[in-house]
Amino acid sequence: MNAAYKPRVDVNSLLRLDEGLVHADVYASPEVFDLEMEKLFHRGWVYVGHESEIPKRGDYILRWIGTHSVIMNRDDAGKLHLFLNRCRHRAVTVCQNEQGNAPRFNCDYHGWSYRNSGELVGIPLREGAYGPDFRMEDFPLVSPRMEVYRGFVWGNLVADGTSLMDHLGEGGKRSIDLFCDASPEGEVVLQQGFLRGVIYANWKFQGGDGYHPPIAHQANFMYYRGKRQGNDRNPIAVNGTMEEGFLSRDLGNGHCALDFRAVSKDKLGDAPWAKKYREDMHRVYGKERAEFLIRTGGNPHAVLMPNLHLVNTSDLRVIRPIAVNHFELYFYCAFLKGVPDELNEMRLRDVEARTGPAGCINPDDVEMFERNQLGMQQAVNPWKYMARGIVRERIDDDLLTPEPYRRHKTVVGHLSDEVTQRAQLRWWAERLSQP
Ligand code: FES
Ligand SMILES: [Fe+2]
């Protein structure tokens, strides 16, 4: 760290992780939030969208990199772009719709217009207004740095620096691989739209907590147990051991996972479409790998900092922080390419059952996060206690998992331990302390 650099907030004073103590300001201070925007979202890799959301030439979607509205689109030649949604004249947004298809982006204020490949091509009343050195080609829409991994598109507002692979690391990359490899073609498709929820709590509450499900989601678990008539109890509620594979895992770089891949059960059944899927998977990946992918449903149950969650077999969730006590959560169902329709339909019903207004899981979480935010606003004894499992953390070789999905030499604790939160916060403090 640059010795002369003085962060506005001493983030390290807000964490006493060796004792498992985390100060409420981590979740409640507007100054901390501003620093997060600057250091995590405006100076690092942020997930923007998936290539399959814009399949045709001219397609676009509107998304966020921190506080920046960005357009992800394809130009007339089909090339992928990422642009700041900001006119080069006086910085008015040039795109207002969340998705669509357009050959140009026009600014409604004074009419400057841009091709879908970014070039400025129109300025009303231009003659005589600017000097002889003025060149239209000097004023294209601004393109942040962009990298794509397996169809997942990330943006970075800093022109050079770490690569996406540096950010994802082995743990992040392997999580995405597992998620995509549940398709025999190795691709997921996001074309089912999304559900979006507004939550009045801090964005870091979302995800990676393996302690709460049997308690906070008890009603949902009872319902499923009833449906299964007690024959197939929910594995999380069974409260298995670390040795069996009920783990929480620090994947490095702030990424983490609830890792119950080793204890996932094959729920595919033996309908003709299921047999066909199994055969296709065996043919592409070989028997051992295919059976693992089928059993886990390709579920890494991973939280990739700062804003992409790949959880459960089919949920892709994206976080958009808005203020210290306010964030949006986008829920997508990732369809698998090249599989029978019945399997994708099952995935869609599964996401619907958990998320959205009629879902059984997400409303429980929202309630807990909003109650937690109230707790964070109380200044008497501002420390929350996240020491669960420090005494049993250990390095693990992940031998219950076949290659190439193994997460070598990562720190694990029991599924219910707070390994995941501590992993996120260690990375968070390190990034927020940088110049
Ligand atoms: S601000 Fe866009 S044309 Fe003036
Ligand atoms: Fe939950």
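Keep in mind that this is a model prediction, so the values were computed, not measured.

S.K.: A description of the coordination of the iron ion (ligand 2) should follow, citing residues and the corresponding values.
M.R.: Protein coordination at the iron ion (ligand 2) comes from H212 (NE2), H217 (NE2), D365 (OD) and D365 (OD), with a distance range of 2.1 to 2.6 Å. Around the iron ion (ligand 2), the 4 donor atoms are arranged such that angles at the metal cover 55 to 147 degrees; this shape is classified as irregular. Written as a sequence motif, the donor arrangement for the iron ion (ligand 2) is H-x4-H-x147-D. With H217 in the loop between α4 (213-216) and α5 (218-227) and D365 in helix α10 (residues 362-376), the pair connects residues that are 148 residues apart, well separated along the chain. Both residues of the pair, H217 and D365, belong to the buried class.

S.K.: With reference to specific residues and values, describe the domain arrangement of the protein.
M.R.: Each domain of the protein was delimited in the assignment, giving domain 1 (47-152) and domain 2 (168-432). Domain 1 and domain 2 are separated by 34 Å when their C-alpha centres are compared. Across the contact, 11 residues belong to domain 1 and 22 residues belong to domain 2. Ranking the residues of domain 1 by area buried against domain 2 places Y47, R150 and F152 at the top, with a combined share of 40%. At the boundary of domain 1 and domain 2, one finds 3 salt bridges. Its salt-bridge partner being R196, residue E98 comes within 2.7 Å of it at the nearest N-O pair. There are 9 residue pairs in polar contact (both at pLDDT 80 or more) connecting domain 1 and domain 2. Breaking the side of domain 1 that touches domain 2 down by element, the ones donating at least two residues are β3 (46-50) and β4 (59-65).

S.K.: Describe the sheet that holds β3, listing the residues and the values that go with them.
M.R.: Pairing is antiparallel across the open sheet formed by 3 strands, whose spatial order is β3-β12-β11. Each of the sheet's edge strands pairs with one partner strand only, and the pair in question is β3 and β11 (145-149). Sheet twist, expressed as the mean angle between neighbouring strand axes with direction ignored, is 30 degrees. Of the pairings in the sheet, the one linking β3 to strand β12 (residues 152-156) comprises 4 bridges and is antiparallel in character. The residue of β12 that forms the bridge with H50 is F152. The sheet strands contacting helix α3 (residues 164-181) are β11 and β12, and the helix crosses β11 at an angle near 35 degrees.

Rules behind the numbers
- In this numbering scheme, every chain counts its residues from 1 along its sequence in written order.
- Written order determines the labels here, with chains lettered from A and ligands numbered from 1.
- In keeping with the model being predicted, local features are shown solely for residues with a pLDDT of at least 70 and side-chain atom pairs are shown and tallied solely at 80 or more, while totals for entire chains, interfaces and linings include all residues.
- Heavy atoms from the whole structure form the basis of all side-chain values; hydrogens and water molecules are not counted.
- Coordinating donors are taken as N, O and S atoms within 2.8 Å of the metal, stretched to 3.2 Å for Na, K and Ca; because water is absent from the atoms, sites can appear incomplete.
- Any coordination sphere not matching a tetrahedral pattern (four donors, all angles between 85 and 135 degrees) or a square planar or octahedral pattern (four or six donors, opposite donors over 155 degrees apart, other angles between 65 and 115) is reported as irregular.
- Strands are runs of DSSP state E lasting at least 2 residues, helices are runs of H or I lasting at least 4, and numbering of each runs from the N terminus.
- Remark: exposure states derive from per-residue accessible area (1.4 Å probe, protein chains only) relative to the maximum for the residue type, with buried under 20%, exposed over 50%, and partly exposed in between.
- Just so you know, the domain bounds were taken from an automatic or database domain assignment.
- Residue contacts follow a heavy-atom distance rule, with two residues in contact if any of their heavy atoms lie within 4.5 Å.
- When two components associate, each loses some accessible surface as probed by a 1.4 Å sphere; the sum of these losses over both components is called the buried area.
- Salt bridge criterion: a side-chain nitrogen from Lys or Arg within 4 Å of a carboxyl oxygen from Asp or Glu.
- Between N or O atoms, a polar contact is any pair within 3.5 Å; within protein, one atom must be a potential hydrogen donor and the other a potential acceptor, and residues adjacent in sequence are included only when both atoms are from side chains.
- For two strands to be treated as a pair, DSSP must find at least two bridges joining them.
- Comment: axis = line fitted to C-alpha atoms, over the contacting stretch for helices; angle = value between 0 and 180 degrees taken between N-to-C directions.

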